[in-house]
Amino acid sequence: MSSVIDELRVQVNGHAIAQGDVEYEAARAVYNGMIDRRPAAVVRVGNTAEVAATVNFARARHLDLAIRGGGHRAPGYGTCDDGLVIDFSGRTRVDVDPVTRRARADAGATWATFNKATHAHGLATPGGIVGSTGVAGLTLGGGIGYLSRQYGLSCDNLLSAEVVTADGRTLTASSDENPDLFWALRGGGGNFGVVTSFEFQLHPVDMVHAAIIFYSVDDARDVAEFYREYIESAPEEFGAFLGFHRGPPVGFLPEKWHDKPLCLVVGMWTGDEAEGPARWQPFLDVAPVAGALVERMPYPDLNEAFDDLLTKGLRAYWKANFLSGLSDGAINAYLDFGRMVPSVQTSVDIYPINGAVQRVAAEATAFPYRHAAFSPVIACMWTDPADNESNIKWVRDFWTALRPFSEPGGYINFMDADDLGRITDNYSANYARLATVKAKYDPGNLFHINQNIKPAGVPMLSTFHDNAGRA
């Protein structure tokens, strides 16, 4: 294989890191510490030409090909055994045009990088809950965040994308150019090509009135029932999620609550600044508060509030469902399992996706669950390998308890590697159209290390190693 990698190095200006290289162990590591794979080479691409060269090289030699943007994903899709990894860690530039309110981001940019660049102009676009999340993966799967009730999903704000397809072509996908590809990219994941850059519409978002409010789990029912009622009719400038965590070691939470299971509400108000305190007061009154931070802050500060807890190398296992509503049965499941949150890094959050998200038709983008009101996640993360079995069982049991109150599918970005069997439910009525677009742009399923959509009417090639389902 070394001679083959030497040939690749010539084509990518030496940016291929292979086994035996000093940088290899660091280069092969991904976010989830349970993933231990050894690619033949990690290609830290410097430009679009190198992306195309790597795609052509992998296709011609029938090598598995993984794509790594921000790298913030539980299943380990950003790596593979014995194949190639396209790594965008050196491509993180974000350019902002404050006049047109547009920004273009490289595929390796994180939302922390993006938000800092746009915030300098008092602008933002919906972009997740954690700053270390990659722009690419979040957007391609849909993109749920604090701003979604007001401005929709990340993919709803995507204006265009540069894409290298399986045959090595570089295309622009937009409403005017390759509109079928543009439709599929907005929620269909990395199935259709390697997106090298994204162009977004921006909105005026500067200082926000933010809050992180913790409560004892003994008061969680009152909080959950109040949250359900409040978020249904709240102005769309109010974006907040309900969650169950263990108390983090932060100054505004008394030490007696540290590492204890807690209920919390986290979010922000982007409307009239004078209304901010009044918008949060009901959440301070609904139940005794264990600890709270309620203040004006720059939007990027809230988006990065949990980053220090969620470092690379944690062990991770995730599950998700969509909820059409926060029923009493669903609340009961959260009360039962929320008391058993196993680590301070674990996030059991219920994200609202009413408002602007629901005003987009289900068939307008690949993201189909526009009727859903909430997108919950059970994102279990921990440090000790001895806890693997018990934590994975907790997630699966929790997910099973929620199933009777859930939609058939869930959010692609919250799926783990063993959720591939749910792919048709996750895309619902849009799956057939996605499979047709897949057959047009990737008939050989080169891009299969993902939540994979099979190309319609095309026999699968047996030369690719299907390692996407291995944890």
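All right, on to the overall build of the chain then. The number of helices and strands found in the chain is 14 helices and 18 strands. Since a compact globule built from 471 residues should have a radius of gyration of about 23 Å, the 22 Å found for the chain is in line with a globular shape. Of all intrachain contacts in the chain linking residues separated by at least 6 positions in sequence, the fraction that spans at least 24 positions is 73%. For the chain, the accessible area works out to roughly 17,000 Å², and carbon and sulfur atoms hold 51% of it.

Attention shifts here to the confidence of the model for the chain. On average, residues of the chain carry a pLDDT of 95, and 97% of them reach 70 or more. In the model, residues 460-471 has pLDDT below 50 throughout and makes 34 contacts with residues more than four positions away in sequence or in other chains.

A word on the packing of helix H1 (residues 2-11) against helix H3 (residues 48-60). Orientation of H1 relative to H3, taken along the N-to-C sense of each, is 155 degrees, at an axis distance of 9 Å. Taken as axis vectors, H1 and H3 run roughly antiparallel relative to one another. Taken as a pair, H1 and H3 cross one another with a handedness that is right-handed. Where H1 abuts H3, its residues Val4, Glu7, Leu8 and Gln11 lie against Ala53, Thr54 and Phe57. Across the contact of H1 with H3, the residue classes tally to 4 nonpolar, 2 polar and 1 charged.

Taken as a whole, the second largest pocket holds about 200 Å³ of empty space. As for the second largest pocket, its lining consists of 14 residues, and the residues nearest its centre are Ile212, Val250, Phe252, Ala305 and Phe306. Sorting the residues of the lining of the second largest pocket by element identifies strand E12 (207-216), strand E15 (291-298) and helix H10 (299-303) as the ones contributing at least two each.

The next point concerns the sheet that holds strand E1 (residues 16-18). Across a sheet, strands are paired by hydrogen bonds formed along the backbone, either parallel or antiparallel in direction. Read from one edge of the open sheet, 4 strands run E1-E2-E4-E3, paired in mixed fashion. A strand with exactly one partner marks an edge of an open sheet, and here the two such strands are E1 and strand E3 (65-68). Taking the axes of each pair of neighbouring strands and ignoring which way they run, one obtains an average angle of 20 degrees across the sheet. Across 3 bridges, E1 lies against strand E2 (residues 41-44) in antiparallel orientation. Following the sheet pairing, Ile17 is matched in E2 by Val42. Most of the contacts of H1 go to E1, to which it runs at about 160 degrees, and overall it touches E1, E2 and strand E4 (84-87).

This part is about the sheet that holds strand E10 (residues 194-201). As summarised here, the arrangement of the 5 strands in space is E5-E6-E10-E8-E9, forming an open sheet in which the pairing is antiparallel. Because the sheet does not close on itself, it has two edges, and the strands there are strand E5 (94-97) and strand E9 (170-174). For this sheet, the mean angle separating the axes of adjacent strands, direction not counted, is 15 degrees. In the packing of H3 onto the sheet, contacts are made with strand E8 (158-164), E9 and E10, and the angle to E8 comes to roughly 50 degrees. The strands touched by helix H4 (residues 111-119) within the sheet are E5, strand E6 (102-106) and E10, with E5 carrying the most contacts at an inclination of about 30 degrees.

Let's shift gears to the pattern of salt bridges. Evaluated as defined, the whole model comprises 28 salt bridges. Residue Arg61 pairs with Glu7 through a salt bridge whose shortest N-O separation is 2.5 Å. One end of the pair, Arg61, is in the loop between H3 and E3; the other, Glu7, is in helix H1, with 54 residues separating them in the sequence. Look at Arg61 and you get partly exposed, because its relative accessible area is 32%. Note on Glu7: relative accessible area 36%, which makes it partly exposed. Here Arg68 and Asp87 are joined by a salt bridge, their closest N and O atoms 3.6 Å apart. With Arg68 in strand E3 and Asp87 in strand E4, this residue pair connects regions lying 19 residues apart in the sequence. For Arg68, a relative accessible area of 9% puts it in the buried group.

Turning to the side chain of Arg370, a few remarks are in order. The topology assignment puts Arg370 in the loop between strand E17 (347-352) and strand E18 (374-382). Arg370 sits in the buried class, given a relative accessible area of 4%. A polar contact is formed between the side chain of Arg370 and the side chain of Asp156, at a distance of 2.8 Å.

Turning our eyes to something else, we now look at the packing of helix H8 (residues 220-233) against helix H9 (residues 276-285). Running from amino to carboxyl end, H8 crosses H9 at an angle of 155 degrees, the nearest separation of the two axes being 10 Å. Our classification of the angle between H8 and H9 gives roughly antiparallel. Contacts between H8 and H9 pair Phe226, Tyr227 and Tyr230 from the former with Arg279, Pro282 and Phe283 from the latter. Residues that form the contact of H8 with H9 fall into these classes: 5 nonpolar, no polar and 1 charged.

Glancing now at empty space enclosed by the protein. Inspection of every chain in the model, using the stated rule, returns 4 cavities of 30 Å³ or more. Computed from the structure, the largest cavity encloses a volume of approximately 60 Å³. Lining the largest cavity are Ile129, Ile144, Gly145, Tyr146, Arg149, Gly239, Ala240, Phe241, Tyr351 and Pro352. Sorting the residues of the lining of the largest cavity by element identifies strand E13 (238-246) and E17 as the ones contributing at least two each. Here the lining of the largest cavity gets 3 residues from one element, more than from any other, and that element is E13. A breakdown of the residues in the lining of the largest cavity according to their chemical character gives 7 nonpolar, 2 polar and 1 charged.

Val55, Leu84, Phe114, Tyr146 and Leu185 are the most contacted members of the largest nonpolar core, which has 106 residues in total. Top contributing element to this core by residue count: H3, with 6 residues. Aside from chain neighbours lying at most four places away, what touches Val55 is Leu65, Ile86, Val164, Thr165, Ala166, Gly168, Val194, Leu446 and Phe447. Ranked by size, the runner-up nonpolar core spans 44 residues in total, among them Trp269, Trp280, Ile331 and Ala333.

In an α-helix, one turn spans 3.6 residues; hence positions three or four apart end up facing the same way. In this model, H3 (13 residues) spans 18 Å end to end at C-alpha, consistent with the 18 Å of a helix rising 1.5 Å per residue. Buried within H3 are the following residues: Thr48, Glu50, Val51, Ala52, Ala53, Thr54, Val55, Phe57 and Ala58. Following H3 by one or two positions, His62 has its phi on the positive side, about 55 degrees.

What counts, and at which threshold
- Starting from 1, residues in each chain are numbered consecutively following that chain's sequence as written.
- In view of the model being predicted, local features appear only for residues whose pLDDT reaches at least 70, and side-chain atom pairs are presented and counted only at 80 or more, with totals across whole chains, interfaces and linings using the full set of residues.
- The basis for every side-chain value is the complete set of non-hydrogen atoms in the structure, without hydrogens or water.
- Put simply, DSSP marks the helices as runs of H or I at least four residues long and the strands as runs of E at least two long, and each gets a number from the N terminus on.
- To get the radius of gyration, use the C-alpha atoms; to get the globule rule, take the number of residues to the power 0.38 and multiply by 2.2 Å.
- What makes two residues a contact is simply this: any of their non-hydrogen atoms within 4.5 Å.
- Note that accessible areas follow from Shrake-Rupley with a 1.4 Å probe, and for residues the cover is restricted to the protein chains shown.
- Every residue gets a pLDDT, meaning the predictor's confidence in that residue, from 0 to 100.
- Note on geometry: axes are C-alpha line fits, over the in-contact stretch for helices, and angles between N-to-C directions span 0 to 180 degrees.
- Here the angle decides the label: under 35 degrees means roughly parallel, over 145 means roughly antiparallel, 65 to 115 means roughly perpendicular, and every other value means oblique.
- Each helix crossing is assigned a hand: it is left-handed if the near helix lies turned anticlockwise from the far helix by less than a right angle, otherwise right-handed if that turn is clockwise.
- Only Asp, Glu, Lys and Arg are considered charged, only Ala, Val, Leu, Ile, Met, Phe, Trp, Tyr, Cys and Pro nonpolar, and every remaining residue, Gly among them, polar.
- Only protein atoms enter the calculation, which uses a 1 Å grid: trapped sets of points that fit a 1.4 Å probe without letting it out are cavities, open sets showing protein on both sides within 12 Å along at least five of seven lines are pockets, and any residue with an atom within 4 Å of a point is a lining residue.
- Grid points are joined across faces, edges and corners, and a volume is the space filled by probe spheres set on the points.
- A pair of strands is considered paired only if DSSP assigns at least 2 bridges between the two.
- Salt-bridge detection follows one rule: a side-chain nitrogen of Lys or Arg within 4 Å of a carboxyl oxygen of Asp or Glu.
- Here's how the labels work: a residue is buried when its accessible area is under 20% of the maximum for its type, exposed when over 50%, partly exposed in between, all with a 1.4 Å probe on protein chains only.
- Each polar contact in these results corresponds to two N or O atoms within 3.5 Å; when the atoms are within protein, one needs to be able to donate a hydrogen and the other to accept it, and residues that are neighboring in sequence are counted only if both atoms are side-chain atoms.
- As used in this record, nonpolar core signifies buried Ala, Val, Leu, Ile, Met, Phe, Trp, Tyr and Cys residues forming a set joined through side-chain atoms within 4.5 Å.
- Every helix has an expected span of 1.5 Å times one less than the residues it contains.

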